[in-house]
Structure formats: C-alpha cells, structure tokens
Amino acid sequence: MNHRLRTFAPVLPVIAVIALLGLPLAPGAGGAGPADAVSGLVVLYCGIRLLRERRRPLTPTAVVVMGLPVLGLSIAAMGASSPGAGLSGLGRYLQIFVLVPAAVVLLIRDRRDFRLLAWSFVSLALWQGAIGVKQYVTATGASYQGEDIRAVGTFGPTDVMGMATVVSFGLICALALALGLGRSDVRQRAVAAGCAFALLLPLALSFSRGAWIATAATCALQLALAGLRRALKVAAAVTAAGVVLVGGFGVGSAMLQERISSITQVTDAPDQSVTDRYTMWAAATAMWREHPLTGVGLKGFPEHRDGNASLALSSGSDTDGAGAGYLKQPLLSPHNMYLLVLSEQGLLGLLTLAGSWLALLVRALRGLYRTHRAGLPGLDCALVSSGLLIWQLIDFMYADIGGPSTVLTAVVFGVAAWWSLVGANEEERPAAKAQALSKQAEAAIQ
C-alpha cells in the first residue's frame, strides 16, 4: 500500500480536489468551496516540486498555449469597475484556466496517472449520481415543477448544474475507457461500460437540457472516432437501456418527455428560463457592441445588465428543496461562457481565451487521430481528454463558470492539456532521442 501511494504521490493532490467535491455543502452555499482551497494548495505543491527538481516545467508551445489567456484577462482586470472586482475576477479566471490546469499537466507523469484521474472522475460521478437518484426516489431533491425530485447531488438547488456536470464527466470517462482500453484489459473495459450505463439514469434525472445535449454530442463523437461498428453496437445498447428505464420502469417518463420536447420549443414557446437566457444573451451582446475590444471589465456583467436588458428579463431564478429553503437567485451572468467573456473581456479576451481552448482541441484530436490510425497505446487517454474538452466547449454555450463544481472544470482543462501538449507526443520523444543519439554516434565516427 505504501509503495502504491509513493508511486501515485504526485497526482494524489489532484485526486483530493476531485474527492472533496463529493462532500455535502451547507444549504445555500455557493461560490468557492473546500475543493477550491485545495486546488490552490495543488498549485503551491506543484511549484515546490519544480523548485526541488530544478527542471524546465513546460515546453515553449505549452507555455504559449496555456499562457495565452493571461493577456486578455490582465487588460480586462484593468478595465474593471473597481480594483477589488478586477483582482477577484482575475484570480478566479487564472485559477480555472491557467494555474490549476498547468499544475495538473505538470503533476501527471504518464498514462497510468492519467487513467487514475479518469477513474476518479467516474467514482465521483457514481457517488453524486447515487445521491441524485435517491433524491428523486425519496422526493428530497431540488424543486422541479412543484415537486422536490430534481437530482442535484450534494451541490444543492443553487448549483443545479453541479451534479449534471459531474455525472457527464464520469460518463464520458467511463465510455472512453470502455472503448479505448486494450483487449487485455477485459475486466476494466467491462466495469467501465457498466459504469457508463449506470450513469445514464442520474443524468436523466438531473433534468438538465444543456448537459443532455453536450453529453449526447460528445458520446456520439467518441463512438464515431472509436470505430463505426463499435458505435452501432453501443448505440443499440443505449437505446435498449433507455427503453427499459423510461418505458419499462417508467422512470420519470412524463417529465422527461416534456423536458426533452422543450429543447425543440426554445423558439416557438420558450419557458421563462429560456426567455431569461435569451434576454441576457442579448444584453451581453449589447455590452460588447459598446466596448468591442476590451469589454466592460471583469465582474462587470451584473452592473451593466439592467441597462442593456429588455423588460422580458425576470427578477431572478426560483430555487427550493434539497435541504435549502426558498431563494430567489439573482441572474448575474448570461449563462453562456463565450458571451460572458465577450461582454466582460471584449474581442481581445475571447480570442485569447477561446484561442487557447481551440489550440488544445486541435492538438488533442490530432493526437487521437494519430494514435487510432497507427494503433498506438493510449487510445483511452485520447478519448478521455478529447471527450472532456469537447463536452466542456459545447456546454459553455449553455453555461459559464460559477459555483462549487467550477473547480472541476479546471481539472478537466488540465487533463485535456496534458494529452494535447504531452501525452500525445510520448511515442515521438523516444524516437527523437534515439535519432539524436544516432547522429551523435555518426559524428563521433567521422
């Protein structure tokens, strides 16, 4: 046991961040939580390790890709309404998109560490999903259509996307492990496939349309990238599981059907939540038009919202249940990460931040294609990192950062960055080293 702990010691602090998201939060708690505090310690721990080992931490390419958002964030922080707002906003963005991801990249040493993190995502998802299913069965979840049945896990009604996000990440990791592990890992593949199917139920009971869309699109891409024949088999199995759960057992069938049908009614007969979202999107666009290059400054959306929003915007979102009392939650963001960045950081901030994400995605998919085509080991790692990143970028069209579960986004970007900037090139480094040694030997002979 002690030997195994020493073996995985560098990555254990990152696992601690994931594990802390399984702890219950105080009713009504929002913003940063214990996992955020530990993520700061992870960055500190990583810095100490680098100083002790005295090695160059990141390649120049990695520094450029991961450090690119700092430019737009710094300018947006200077344009904030107050120094306090600018510093707090800058610290939060740096935590989520620069510092913690960089620490994760540096603490993952090989694919074995990577797979351990992937299974940690799955474990957290199973824990939160089990709590969510219990909330639905016992009517102790968040309020949904007058009933306390919405599965939210330990995140409470103020972060209804928290459990859905965690379960989605776990499902994507489980599917990737089931598809990408080698033929010798039959038991792990079977366990991963079982976990993926088990997580379908809590994801459905989260009633989160954004998570459904992002997960369905990501899983479809994972299946397509893993091979058409395998994709058809899994699609048939998922369809059968859905028929059994919803049709056979009647798991929330009426409400689920209504929620699914509402996805196609966002323009014909939108509900108030969709109306609020459209109104805030329009307000964010109006802010950007007034300050196209640098935006209104970090933390500036709430201050400029009312001056740019129409009368269709409600006073807030009603939350209740899951151990918390009734609360009118103010609408302080557009619930679209791209529009939030555009409104507060302008075109410069969007290009630098989204440019970093796009670079990671391109490199991750390129590494996935090369690994799959050449039959190299690490297909599971490629599918995990690419899937998590694709899910996050799709979900950002319906959500933004905020709440205790946000720190998991930082870990996701770190996992994706490791594969994009390090893991995908592991097969090339030994070959390059051998080639260099060969050239040195030839030069010595001559």
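Source: prediction; values computed, not measured.

**Some words on the overall build of the protein chain**
For the protein chain, the helix and strand inventory stands at 19 helices and 4 strands. Counting over 446 residues, the protein chain shows a buried share of 50%. Taking the contacts inside the protein chain whose residues are at least 6 apart along the sequence as the reference set, 78% of them involve residues at least 24 apart. Entry remark: accessible area of the protein chain is about 20,300 Å², with carbon and sulfur atoms responsible for 65%.

**Overview of the packing of helix α8 (residues 160-180) against helix α11 (residues 209-226)**
Where α8 meets α11, the axes come as close as 10 Å, and the angle between the chain directions of the two elements is 10°. If you check the angle between α8 and α11, you find them roughly parallel. For the pair α8 and α11, contact is made by Met161, Ala164, Ser168, Leu171, Ile172, Leu175, Ala176 and Leu179 and by Ala211, Thr215, Thr218, Cys219, Gln222, Leu223 and Ala226, respectively. Among the residues making up the contact of α8 with α11, the classes are represented as 11 nonpolar, 4 polar and no charged.

**Concerning the nonpolar core**
One finds Tyr93, Phe97, Leu117, Phe121 and Met337 to be the most contacted residues of the largest nonpolar core, which totals 116 residues. Per-element accounting of this core gives the leading share, 14 residues, to α8. Once residues within four sequence positions are removed from consideration, methionine 337 is found in contact with Tyr93, Phe97, Trp357, Phe396, Ala399, Asp400 and Ile401.

**Focus on the environment of leucine 68**
For leucine 68, the location among the structural elements is in the loop between α4 (60-67) and α5 (69-78). Residues leucine 68 and glycine 355, 287 residues apart in the sequence, show an inter-C-alpha distance of 7.9 Å. The contact partners of leucine 68, leaving out residues within four places of it in the chain, are Val63, Thr352, Gly355 and Ser356.

**Here's the deal with the packing of helix α7 (residues 111-138) against α8**
Following both chains from N to C, one finds α7 and α8 inclined at 135°, their axes separated by 8 Å at the closest point. When the axis of α7 is compared with that of α8, the two are oblique. As for the relative orientation of α7 and α8, their crossing is left-handed in sense. Of the residues in α8, those in contact with Ala118, Trp119, Phe121, Val122, Leu124, Ala125, Gln128, Gly129 and Gly132 of α7 are Met163, Val166, Val167, Phe169, Gly170, Cys173, Ala174 and Leu177.

**Overview of a nonpolar patch on the surface**
Side chains of Leu41, Leu44 and Ile48 sit close together on the surface and give an oily, nonpolar patch of about 300 Å² of accessible area. Here leucine 44 lies in helix α3 (residues 34-53).

**Regarding the pairing of strand β2 (residues 147-150)**
Sheet faces and side chains relate simply in a regular strand, where the side chains alternate between the two faces. Alignment of strand β1 (residues 142-144) against β2, held across 3 bridges, turns out to be antiparallel. Across the sheet, the residue bridging to alanine 142 is arginine 150, located in β2. Between the end of β1 and the start of β2, which pair antiparallel, lie 2 residues, with glutamine 145 showing a positive phi angle near 55°.

**Notes on unusual backbone geometry**
One non-glycine residue, phenylalanine 207, lies in the positive phi region at around 55°. For phenylalanine 207, the location among the structural elements is in the loop between α10 (200-205) and α11. Although it is not a glycine, histidine 335 sits at a positive phi angle of roughly 55°. Within the secondary structure, histidine 335 sits in the loop between β4 (324-329) and α16 (337-374). A residue is classified by how much of its surface remains accessible, and histidine 335, at 28% relative accessible area, is partly exposed.

**Examining the environment of alanine 217**
Tracing the chain through its elements places alanine 217 in helix α11. Judged by relative accessible area, which is 30%, alanine 217 ranks as partly exposed.

**Notes on the packing of aromatic side chains**
For the coordinates displayed, the defined rule picks out 13 aromatic pairs. Here tyrosine 93 and phenylalanine 97 contribute two aromatic rings whose centre-to-centre distance is 5.9 Å and whose plane-to-plane angle is 35°, an arrangement assigned as tilted. Linking tyrosine 93 with phenylalanine 97, this pair stays in helix α6 (residues 83-107), spanning 4 residues, or about one helical turn. Under the relative-accessibility criterion, phenylalanine 97 is labelled buried at 6%. Taken together, a centroid distance of 6.5 Å and an interplanar angle of 70° make the contact between phenylalanine 97 and phenylalanine 396 edge-to-face. With phenylalanine 97 in helix α6 and phenylalanine 396 in the loop between α17 (379-395) and α18 (406-421), this pair connects stretches of sequence that are 299 residues apart.

**Topic: the pattern of salt bridges**
Note that side chains of opposite charge can pair when their charged atoms are close. If you walk through the whole model with that rule in mind, you get 3 salt bridges. For arginine 92, the salt bridge is made with aspartate 36, and the minimal N-O distance between the two is 2.7 Å. On the criterion of sequence distance, the pair formed by arginine 92 in helix α6 and aspartate 36 in helix α3 is long-range, its members being 56 residues apart. Taken individually, arginine 92 and aspartate 36 each receive the classification buried, so the pair is uniform in this respect. Note that arginine 109 and aspartate 113 form a salt bridge whose closest N and O atoms lie 2.9 Å from each other. On the basis of relative accessible area, arginine 109 is assigned to the partly exposed category, the value being 38%. Assessed through its relative accessible area of 0%, aspartate 113 is described here as buried.

**Points about the side chain of serine 385**
With respect to the helices and strands, serine 385 occurs in helix α17. Once residues lying within four places of it in the same chain are set aside, the contact partners of serine 385 are Phe114, Val415, Ala416 and Trp419.

Definitions and limits used
Within each chain, residues carry numbers counting from 1 in the order of the written sequence. Whole-chain, interface and lining totals are the exception, using all residues; otherwise, since this is a predicted model, local features are given only for residues with pLDDT of at least 70 and side-chain atom pairs are given and counted only at 80 or more. Computation of side-chain values: all heavy atoms of the structure, hydrogens and water removed. Put simply, DSSP marks the helices as runs of H or I at least four residues long and the strands as runs of E at least two long, and each gets a number from the N terminus on. We call a residue buried when its accessible area falls under 20% of the maximum for its residue type, exposed when it is over 50%, and partly exposed in between, using a 1.4 Å probe and counting protein chains only. Residue contacts are counted whenever heavy atoms from the two residues lie within 4.5 Å of one another. In this description, accessible areas are obtained by the Shrake-Rupley approach with a 1.4 Å probe, and a residue is regarded as covered only by the protein chains that are shown. In this description, a line fitted to the C-alpha atoms serves as the axis of each element, helices being fitted only across the stretch in contact, and the angle between N-to-C directions of two axes falls anywhere from 0 to 180 degrees. For classification purposes, an angle smaller than 35 degrees is called roughly parallel, one larger than 145 roughly antiparallel, one from 65 to 115 roughly perpendicular, and anything else oblique. Three categories are distinguished: nonpolar for Ala, Val, Leu, Ile, Met, Phe, Trp, Tyr, Cys and Pro, charged for Asp, Glu, Lys and Arg, and polar for the others, with Gly belonging to the last. Take the buried Ala, Val, Leu, Ile, Met, Phe, Trp, Tyr and Cys residues and link them wherever side-chain atoms come within 4.5 Å; each set so joined is a nonpolar core. Should the near helix be turned anticlockwise from the far one by less than a right angle, the crossing is termed left-handed; should it be turned clockwise, right-handed. Nonpolar side chains (Val, Leu, Ile, Met, Phe, Trp, Tyr) within 5 Å and like charges within 9 Å form the patches, drawn only from residues with over 30% relative accessible area and no salt bridge. The term salt bridge refers to a side-chain nitrogen of Lys or Arg lying within 4 Å of a carboxyl oxygen of Asp or Glu. Here, strands pair whenever DSSP counts at least two bridges between them. A pair of Phe, Tyr and Trp rings is counted when the ring centres sit within 6.5 Å of each other, with Trp represented by its six-membered ring. The angle between the planes then sorts it: under 30 degrees is stacked, over 60 is edge-to-face, the rest tilted.

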